[in-house]
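Close look at the chain arrangement
What follows is each chain in one-letter form.
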Amino acid sequence: MKAIQLWCCVSCEHDWAREFDWTGLADQAVRLENSHRTILRESFVVTSRSATLDPSENRIRDRTAVAGETESIEDPIREARRAIRLAGLAVATEKGYVSWIRRFGYFRLRRLGSSSLREFDTQGSALYLEYLALERHVSPATQKQALNALVFLARHGRSHSLLPSEVNFRANVYALKSLGVSQIISVSAVGSLREHIAPGDAVLPRQFIDRTEGRARTFFGGGAVAHVSLADPICEHVSEQLACSAEKIGQGSIHRGGTYLCIEGPQFSTRAESELWRQFGATVVGMTGMPEARLAREAEMCYATLALPSDYDCWRGNDDNVTGAAAFAMLKAQVDKTKRIVADALVSLDPGRQCRCHHALDEALFTPLEEMPTTTRQRLSVVLSGFVQRKGAGAA
């Protein structure tokens, strides 16, 4: 019922829907029995199924499960199946998602030593997609199906358990690049460092100051040297499309430009630090913008950030301390607005549009391809794919 209400009121914006008695309708709703055909439209017997990787063929095969393995995989799958049905997805989509999620669970068991889908992270997902591409030689379309299933599981089947420092930004960007993604929209909760930027506004920063420590910030090394330009780390075209979409949605003020200062976290800033960030000229402060923007530029992808202030950090005075609970509450209040902004921007953005971001390596790669170690070139094959294609076309 809530989904129908959101669809009519928010997505379709029907005037009648805002005045309709949704509460009264919900009170009259009848809960489906477990025997109803909608609930029982498909049942799987999984308690005796498992899989393993054949060392000689790298294939997943059914076999008798080791005690406890099936439960650790199937419990999250049941939750995902319920979320799929509540979301109203098609039967074929459910079958595909469940199949890929199950395969991913057994891949984690055999390759990563853990079958719990409640613990999977982006690195494990990237390794699985790499396995499908390099060892199973599946098509890009099939890889996208697998990625969609894992994205759904990530949203509905696990808790948020990674600190900003623990996010594998390289794996995230690599996975998107391997699937042919050319533009990245990053949504980030931030603290405002300026009085005129209030919680609930939207900021489209154009610059970054990187104060992170110890995060992997480049794809290169190991015999491959590249120095990309980060003078303008944000793609102006994508950022402007986001700004136009935010203005169209019309909730809160929109601020074009500014500087995002990225700290290591997970603690919020001290008052002295917050004042220092303001002296640096920063507009907002967050924990996830870097090194993501660096890596996107190395991967020759357009990148833009939609920064959503949840608080004023702590520079305003003793009565304005930042708390995780308050920041999270403000972030939850902006979820609907954020979805609408991004959805509108996606309609306007052309993934095939040529941009200078897609040529970042043209004057940045110092090591000739033929002089790179074989293992390094293989590791960088996805990142270098556009550069190699352009070089080949030029030689022809």
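A few points on the structure. (Residues numbered from 1 in each chain as written. Predicted model: local features only at pLDDT ≥ 70, side-chain atom pairs only at ≥ 80, totals over all residues. Heavy atoms only, no water.)

With that out of the way, let us pick up the overall build of the protein chain. Each helix and strand counted, the protein chain has 15 helices and 9 strands in total. Sorting the 396 residues of the protein chain into buried and exposed places 43% on the buried side. Of the contacts made within the protein chain by residues no fewer than 6 positions apart, 78% connect residues no fewer than 24 positions apart. (Helix = DSSP H or I, 4+ residues; strand = E, 2+ residues; numbered from the N terminus. Buried < 20%, exposed > 50% of the residue type's maximum accessible area, 1.4 Å probe, protein only. Contact = heavy atoms within 4.5 Å.)

In this chain, Gly 265 is followed by Pro 266 through a cis amide linkage whose omega measures 5 degrees. Here Pro 266 shows up in the loop between β7 (259-263) and α10 (271-279). Between Met 290 and Pro 291 the backbone carries a cis peptide bond, its omega angle lying at 5 degrees. Structurally, the position occupied by Pro 291 is in the loop between β8 (284-286) and α11 (292-298). Even without a glycine there, the phi angle at Asp 313 is positive, about 55 degrees. Within the fold, Asp 313 resides in the loop between β9 (302-311) and α12 (324-333).

Applying the stated criterion across every chain yields a total of 12 salt bridges. Between Arg 206 and Glu 240 there is a salt bridge, with the nearest N and O atoms lying 3.9 Å from each other. With Arg 206 in the loop between β4 (202-204) and β5 (207-211) and Glu 240 in helix α9 (residues 236-249), this pair connects stretches of sequence that are 34 residues apart. A relative accessible area of 25% places Arg 206 in the partly exposed class. Judged by its relative accessible area of 29%, Glu 240 is partly exposed. In the salt-bridge network here, residues are joined through shared partners; they are Arg 206, Glu 240, Glu 247 and Arg 256. (Salt bridge = Lys/Arg side-chain N within 4 Å of Asp/Glu carboxyl O.)

Now for the packing of α9 against helix α13 (residues 335-348). At a closest axis distance of 8 Å, the pairing of α9 and α13 adopts a crossing angle of 125 degrees. Relative to α13, the element α9 lies oblique. Along this stretch, α9 crosses α13, giving a crossing that reads as right-handed. Contacts between α9 and α13 involve Gln 241, Leu 242, Ser 245, Ala 246, Lys 248 and Ile 249 on the former and, on the latter, Lys 337, Arg 340, Ile 341, Asp 344, Ala 345 and Ser 348. Within the contact of α9 with α13, the residues separate by chemical class into 5 nonpolar, 3 polar and 4 charged. (Axes fitted to C-alpha atoms, helices over the stretch in contact; angles between N-to-C directions. Parallel < 35°, antiparallel > 145°, perpendicular 65-115°, else oblique. Left-handed = near helix turned anticlockwise from the far one by under 90°. Nonpolar A, V, L, I, M, F, W, Y, C, P; charged D, E, K, R; others polar.)

Turning our eyes to something else, we now look at the environment of Ala 272. Tracing the backbone through its elements, the reader meets Ala 272 in helix α10. Placed 42 residues apart in sequence, Ala 272 and Cys 314 show a C-alpha to C-alpha distance of 9.1 Å.

Another aspect to go through is helix α8 (residues 169-178). Residues of α8 that are buried: Phe 169, Ala 171, Val 173, Tyr 174, Ala 175 and Lys 177. Looking at the residues trailing α8, positive phi occurs at Gly 180, about 85 degrees.

The subject of this paragraph is the side chain of Ser 310. Tracing the chain through its elements places Ser 310 in strand β9. A relative accessible area of 10% places Ser 310 in the buried class. Here the side chain of Ser 310 touches Asp 311 through a polar contact of 2.8 Å, side chain to side chain. When neighbours within four sequence positions are excluded, Ser 310 is seen to be in contact with Val 190, Pro 199, Ala 327 and Met 330. (Polar contact = N/O pair within 3.5 Å; in protein donor to acceptor, adjacent residues only side chain to side chain.)

We now examine α13. Between its terminal C-alpha atoms α13 stretches 20 Å, which fits the 20 Å expected from 14 residues at 1.5 Å a residue. Buried within α13 are the following residues: Lys 337, Thr 338, Arg 340, Ile 341, Val 342, Asp 344 and Ala 345. (Expected span 1.5 Å × (residues − 1).)

Further remarks concern the packing of aromatic side chains. Summed over all chains, the structure comprises 5 aromatic pairs. Relative to Trp 315, the ring of Tyr 312 has its centre 6.2 Å away and its plane inclined at 80 degrees; by these criteria the two rings are edge-to-face. Through pairs of rings, three or more aromatic residues link up here, namely Phe 208, Tyr 260 and Tyr 303. A cation over an aromatic ring shows up here: Arg 103 above the ring of Trp 100, its NZ or CZ 5.0 Å from the ring centre. Positioned over the ring face of Tyr 312 is Arg 316, at 3.9 Å from the centre of the ring. (Phe/Tyr/Trp six-rings, centres within 6.5 Å; stacked < 30°, edge-to-face > 60°. Lys NZ or Arg CZ within 6 Å of the ring centre and 35° of its normal.)

Here we come to the environment of Val 181. Inspection of the secondary structure puts Val 181 in the loop between α8 and β3 (183-192). Along the chain, Val 181 and Met 301 lie 120 residues apart, while their C-alpha atoms are 7.7 Å from each other. Excluding residues within four positions of it along the chain, Val 181 makes contact with Leu 176 and Met 301.

In terms of nonpolar packing, the biggest core is built from 53 residues, with Phe 219, Phe 220, Leu 306, Leu 361, Leu 365 and Leu 384 touching the most fellow members. Within the residue set of this core, elements represented by two or more residues are α8, β3, β4, α9, β7, α11, β9 and α13. The element best represented in this core is β9, accounting for 6 residues. Among residues more than four places away in sequence, those in contact with Phe 219 are Arg 170, Val 173, Tyr 174, Leu 295, Glu 298, Ala 299, Arg 379, Leu 380 and Val 383. Counting 21 residues, the second largest nonpolar core, distinct from the first, contains Ile 77, Tyr 97, Ala 126 and Tyr 131. (Core = buried A, V, L, I, M, F, W, Y, C linked by side-chain atoms within 4.5 Å.)

Burial analysis of β3 places 7 of its 10 residues in the buried class, the great majority of the element. One ladder, built from 9 bridges, connects β3 with β9; its direction is parallel. Bridge pairing in β9 places Val 190 opposite Pro 309. Examined bridge by bridge, β3 and β8 share 2 bridges and lie antiparallel to one another. Bridged to Gly 191 within β8 is Val 285. (Pairing = 2+ DSSP bridges.)

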